[in-house]
Structure formats: structure tokens, C-alpha cells
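# Structural characterization, general
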Amino acid sequence: MNWDETGPDTEEPLGERLGERLDERLVDADADADGEDTAVEAALRPKDLDEFVGQEKVREQLDLVLKAARARGATADHVLLSGPPGLGKTTLSMIIATEMGAPIRITSGPAIQHAGDLAAILSSLQEGEVLFLDEIHRMSRPAEEMLYMAMEDFRVDVIVGKGPGATAIPLELPPFTLVGATTRAGLLPPPLRDRFGFTGHMEFYAPTELERVIHRSARLLDVAIDTEGAAEIAGRSRGTPRIANRLLRRVRDYAQVKADGRIDRTVASVALGVYEVDARGLDRLDRAVLGALLKLFGGGPVGLSTLAVAVGEERETVEEVAEPFLVREGLLARTPRGRVATPAAWAHLGLVPPQQDGKGQQGLFRA
């Protein structure tokens, strides 16, 4: 059995089981799998740059690029948007199409496994159309190489036949704008990255920006929420608008059933407690990882596999789902010797660190 692809008790692919667990997490920044939630999320998207909250620098730069293109009567330059999931890359791609008065075609890197797949999409584009390519770093290499010429010369060579008798037929493309989105910009090869006329990196949102997002979404959802209630939700949203909107919808459900439908700080706090999202945005999995690290291993260092076994999860789940946020929050550190907890982790869980002996992990963080 290949342990990278299947679990010890089932033949079901690990990726599918991991996906199921992620779907259950309110604080997962990836897109919702539930059709109704996806529809609501789409309805909450800003329609133009003036409505878009946050990402001030990217928004200002992109506004200049689009206004200049409209003034010239030309197609906008290709745009690359990078950053963690849930920060607005898809929303910005739709705004680009709206601002340019052009239709948008949406696809993703994993869906393009052959050069022919990409050729079929490119050949059907209209002049000025926006092609949004999500997770562009996961596109196959043959399709990626075809994209070079399409982006630069608006032309692709379609190969007909095989072997010595193969013939390359040039296919002219109408001018279009490619908007590529990636959560891992470092995986893009330089020749592809250099062909984008504008590159914007999306940053995590400040709590005050998330409060604005929540107030706007509450108006669209016809939910009564005060300033303190919005601040409570924003503080638990991990700097991500998608999570903020998801938490708002769950708090709305609680307020409608348990309260008078109005969200204040108390209602938001109690509701998110029901959904096991604490004051710093940690959920059950995050606290399980920290709890095992502190209570079972004295704060570390401990190996990833051992830590995963202790919490009853796959190592990929711990490494790719829980650890990034814990590291960003300064609660956990990755070291050559293994995972170690920081003093902030002990404080957050209300635990007392073990006695210092000069050799333990606490010495790593001593001033």
C-alpha cells in the first residue's frame, strides 16, 4: 500500500478524505463545497473596485492599469494575483472583466492537463475577453509552454499528427487578458511569471478591514449587527474575508434561533463558541495540535509524524492545514529538531510551561 495515497484503514485516496475534513472546518480559507454557501458567497462579492475592501496598494495599481487600457482602447495587460486562499483573487478577476466591459471565462490549472485542452479554450475566446486561470501553478507543462506564445504573440501552434508526419498549424488568437491566480507563486516558472504585465500580491486583512467586509455583507444579508459584534467576528476570521463571511452566516443562524436576530458581541462570542472557534480564530484541530504538543510532549521539539499520530490526523493534515496558521500566529515554530511551542502557545491554552533546565525547548525563546 502506498501510504502517500491511501490511509491505513481504507483504500479511499487521502486527498479525498482530507478534502472531506476541510469541508467541515468553518475556518478553512478554501472555497465552500456546499452549493448554497457557494451561491451566497458569490452574491456577496464586490462588483467593482470602489466596493472592494482592503488590498489598498493592489487596488490602486490595478485601477491605473485598467483605466490606462480603457483610455487607449486596448486590452488590459495580463494580470497575476498571488496570495493565500480567500483574500479576493477570484473577485478581482471578475472586477477586471466588469471594469473592462468584457466577458469572463473561468477555469483552473488542474483542469488543463493537455495542450489540447488549453488550445480549445483559447481558440473560443472573444476579442478582449478575460480568461481567469485559478491555481495556474498546477497546469501541465505542455499546456504551460503553449501559454507562453499565446500570452506574448496571441498565437498558438496546434500539432496535427504524430512522428515525422506531424504538422504545426498556426492559430491566430484575438487579443485577450489572462488573469492568473496562485497560492504558490514560487512554483511558477520564470518564463511564465515574466509574461504578466502586472503582478499583485494579496496580503491578509487587518481586523478593521474585516469589520468593513462584515458590515457590508450583513447589509446584503439583511442582518442586524453592531460594531462590537462585527469586531468579535473579525477578530476570529484569520485575516481572511471568506472566513469572515462564513462565520457571519453561522452567527446569523445562531442569532435567529437563540437570540432576537440581532448580533452583538455577546451573541457573536457565544455562537462562535458553539462552533468551536476561539478568540484567536483557532478551531478544534488547531487546539488539538497545540494541546498535544504542550501536554504530551512538554512543548517539543517533536517530529511531525509523532505529533500527527498524537492528534489522530494524517501528517499532511497537520502540516498543510493546521500548522500554517499556528506558525503565522506565533504559537508554533518549525525547527530542524521538530515542532516546538512558543510561550504564546502556553499562554493561549492557559498552561504553565515546565521548569527550565537549560536544555528544554523553552530556552529557544528566552530573551
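For the structure itself, look to the data block above.
Since the structure is predicted, the reported quantities are computational estimates derived from the model, not experimental observations.

If you tally the helices and strands in the chain, you get 15 helices and eleven strands. A burial count over the chain gives 46% of its 367 residues as buried. Nonlocal contacts in the chain, meaning residues at least 24 apart in sequence, comprise 68% of its contacts between residues at least 6 apart.

The subject of this paragraph is the side chain of arginine 339. With respect to the helices, strands and loops of the structure, arginine 339 is situated in strand β11 (residues 338-341). You can call arginine 339 buried: its relative accessible area is 12%. A polar contact is formed between the side chain of arginine 339 and the side chain of glutamate 323, at a distance of 2.7 Å. If we ignore the near neighbours within four places in the chain, the residues touching arginine 339 are Leu293, Gly299, Gly300, Pro301, Val302, Leu304, Leu307, Glu319, Glu323, Leu332, Ala333 and Arg334.

Before going further, it helps to spend a moment on the pattern of salt bridges. Think of it this way: side chains of opposite charge can pair up when their charged atoms draw near. Under the definition given, this model contains 18 salt bridges. Notably, a salt bridge pairs glutamate 144 with arginine 141, separated by 3.1 Å at the nearest N-O pair. Within this pair, glutamate 144 and its partner arginine 141 are both found in helix α6 (residues 141-153), separated by three residues, close to a single helical turn. When the shortest N-O distance is used, the salt bridge between arginine 280 and glutamate 329 registers 3.2 Å. Here glutamate 329 lies in the loop between α14 (315-328) and β10 (332-335) and arginine 280 lies in the loop between α11 (265-274) and α12 (284-296), a separation of 49 residues in the sequence. Assessed through its relative accessible area of 28%, arginine 280 is described here as partly exposed. Relative accessible area serves as the criterion here: at 25%, glutamate 329 is assigned to the partly exposed category. Counted as one network, the salt bridges with shared partners bring together Glu228, Glu232, Arg236 and Arg265.

On to the sheet that holds strand β3 (residues 130-134). As summarised here, the arrangement of the five strands in space is β2-β3-β6-β1-β7, forming an open sheet in which the pairing is parallel. Strand pairing shows two members of the sheet lacking a second neighbour, β2 (104-108) and β7 (198-201), which therefore form its edges. Shown here is a sheet whose adjacent strand axes are inclined to one another by a mean of 15°, direction ignored. Judged from the five bridges that link them, β2 and β3 form a sheet pairing that is parallel. Looking at the pairing, isoleucine 104 lines up with valine 130 of β3.

This part covers the packing of aromatic side chains. Applying the stated criterion to the full structure yields one aromatic pair. Between the aromatic rings of phenylalanine 154 and phenylalanine 176, the centroid separation amounts to 5.5 Å while the plane-to-plane angle is 80°, which identifies the pairing as edge-to-face. Of the two residues, phenylalanine 154 sits in the loop between α6 and β4 (155-160) while phenylalanine 176 sits in the loop between β5 (167-172) and β6 (177-182), which places them 22 residues apart along the sequence. We note arginine 328 situated over the ring of phenylalanine 204; from NZ or CZ to the ring centre the distance is 3.5 Å.

Along helix α13 (residues 304-311), the positions that sit buried rather than exposed are Leu304, Leu307, Ala308 and Val311. Along the axis of α13, the buried positions cluster into a sector of 100°, meaning they face one direction only. One or two steps after α13, the chain reaches glycine 312, where phi turns positive at roughly 70°.

To continue, consider unusual backbone geometry. For glutamate 135, which is not glycine, the phi torsion reads 50° and is therefore positive. Of note, glutamate 135 is situated in the loop between β3 and α6.

Secondary-structure assignment places threonine 177 in strand β6. Taking the C-alpha atoms as reference points, threonine 177 and leucine 131, separated by 46 residues in sequence, lie 6.2 Å from one another. Looking at threonine 177, its side chain comes within polar contact range of the main-chain oxygen of alanine 76, at 2.8 Å.

Rules and cut-offs
- Residues numbered from 1 in each chain as written.
- Predicted model: local features only at pLDDT ≥ 70, side-chain atom pairs only at ≥ 80, totals over all residues.
- Heavy atoms only, no water.
- Helix = DSSP H or I, 4+ residues; strand = E, 2+ residues; numbered from the N terminus.
- Buried < 20%, exposed > 50% of the residue type's maximum accessible area, 1.4 Å probe, protein only.
- Contact = heavy atoms within 4.5 Å.
- Polar contact = N/O pair within 3.5 Å; in protein donor to acceptor, adjacent residues only side chain to side chain.
- Salt bridge = Lys/Arg side-chain N within 4 Å of Asp/Glu carboxyl O.
- Pairing = 2+ DSSP bridges.
- Axes fitted to C-alpha atoms, helices over the stretch in contact; angles between N-to-C directions.
- Phe/Tyr/Trp six-rings, centres within 6.5 Å; stacked < 30°, edge-to-face > 60°.
- Lys NZ or Arg CZ within 6 Å of the ring centre and 35° of its normal.
- Arc of directions from axis to C-beta.

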